[in-house]
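Examination of the molecular architecture
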Amino acid sequence: CISTVNEVECIANSDELFNVASRTQSGDVIVLCPNTILRTESAVRIVPHDITLCCGADKVSTPSPSCIVESRNANLILEIRGDNFTLQGITFQNGADYYVSDQSSYGNVQIQAGGHHRILDCTFLNGTGCPASNVYVRDSESLVVERSHFLGGRGSCPSLYIRNVPYFSAYKS
């Protein structure tokens, strides 16, 4: 993560995450405390531009800390509406059943915003939805996925679904 928990206050529970997300401003870095599990009851919505959501690390964490955000009620976990968003070092699991007007559901994470988005060192587990079981990305200029895993998507739809994104790249190492 760009910041460490020694420099920025980190988020330790889902209530704090909802509170911080509701007052986030463009350019903010939202840091989850290392080695935490946050359980959401509804989707966390982030609208401002140029936001990073990451798993923090203290200066002595070895191996890398884990940050898990999971759905408690089979809902979408994270909805991104702001341009230029970065997710880093977080596991999202068990998201599902977020229906919109066209009766689609989007699993764990939905990114529906312009700009350039990055998913770095993340894991997406056991999402349920269609057209995407784990991650849905639409109407962005680019998406870069590095060292991330998409596992256990339920249903017949792909784990990662990309629509109207002219540039996409994925890197394993």
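Report follows, based on the coordinates. (Residues numbered from 1 in each chain as written. Predicted model: local features only at pLDDT ≥ 70, side-chain atom pairs only at ≥ 80, totals over all residues. Heavy atoms only, no water.)

Details of the overall build of the protein
Note the cut-off: Each helix corresponds to a stretch of at least 4 residues labelled H or I by DSSP, and each strand to a stretch of at least 2 residues labelled E; elements are numbered beginning at the N terminus. Relative accessibility under 20% of the residue-type maximum defines a buried residue, over 50% an exposed one, and the middle range a partly exposed one, all with a 1.4 Å probe and only protein chains included. The contact criterion used throughout is that any non-hydrogen atoms of two residues lie within 4.5 Å. The method behind every accessible area is Shrake-Rupley, applied with a 1.4 Å probe, and residues are considered shielded solely by the protein chains displayed.
Along the protein, the regular secondary structure elements total one helix and 18 strands. Each of the 173 residues in the protein was classed as buried or not, and the buried ones make up 48%. Intrachain contacts of the protein at a sequence separation of at least 6 include 71% that bridge at least 24 residues. Summed over all atoms, the accessible surface of the protein reaches about 8,100 Å², with 46% contributed by carbon and sulfur.

With respect to unusual backbone geometry
Glycine aside, negative phi is the norm for most residues, and most peptide bonds take the trans geometry. Backbone geometry places asparagine 126, a non-glycine residue, at a positive phi of 55°. Considering the arrangement of structural elements, one finds asparagine 126 in the loop between β12 (123-125) and β13 (129-130). The partly exposed category is assigned to asparagine 126, whose relative accessible area is 31%. Here the phi dihedral of arginine 147 falls at roughly 50°; this positive angle occurs in a residue that is not glycine. Positionally, arginine 147 belongs in the loop between β15 (142-146) and β16 (149-151).

Let's talk about the packing of aromatic side chains
To be explicit about the condition: Aromatic rings from Phe, Tyr and Trp, with only the six-membered ring used for Trp, were paired whenever their centres fell within 6.5 Å, and each pair was classed as stacked if the ring planes differed by under 30 degrees, edge-to-face if by over 60, and tilted otherwise.
What the rule picks out here adds up to three aromatic pairs. The interplanar angle of 5° and the centroid separation of 5.5 Å between the aromatic rings of phenylalanine 92 and phenylalanine 124 together place this pair among those described as stacked. Of this pair, phenylalanine 92 sits in strand β8 (residues 91-93) while phenylalanine 124 sits in strand β12, and the two are 32 residues apart along the sequence. Grouping residues by exposure puts phenylalanine 92 and phenylalanine 124 together as buried. Here the aromatic cluster, defined as three or more aromatic residues joined through ring pairs, consists of Phe92, Phe124 and Phe150.

Some remarks on the pairing of strand β2 (residues 36-40)
Rules: Here, strands pair whenever DSSP counts at least two bridges between them.
Of the two faces of β2, only one is covered, namely that formed by Thr36, Leu38 and Thr40; the face formed by Ile37 and Arg39 stays uncovered. By the bridge criterion, five bridges tie β2 to strand β5 (residues 67-71) in an arrangement that is parallel. Within β5, the residue paired with threonine 36 across the bridge is cysteine 67.

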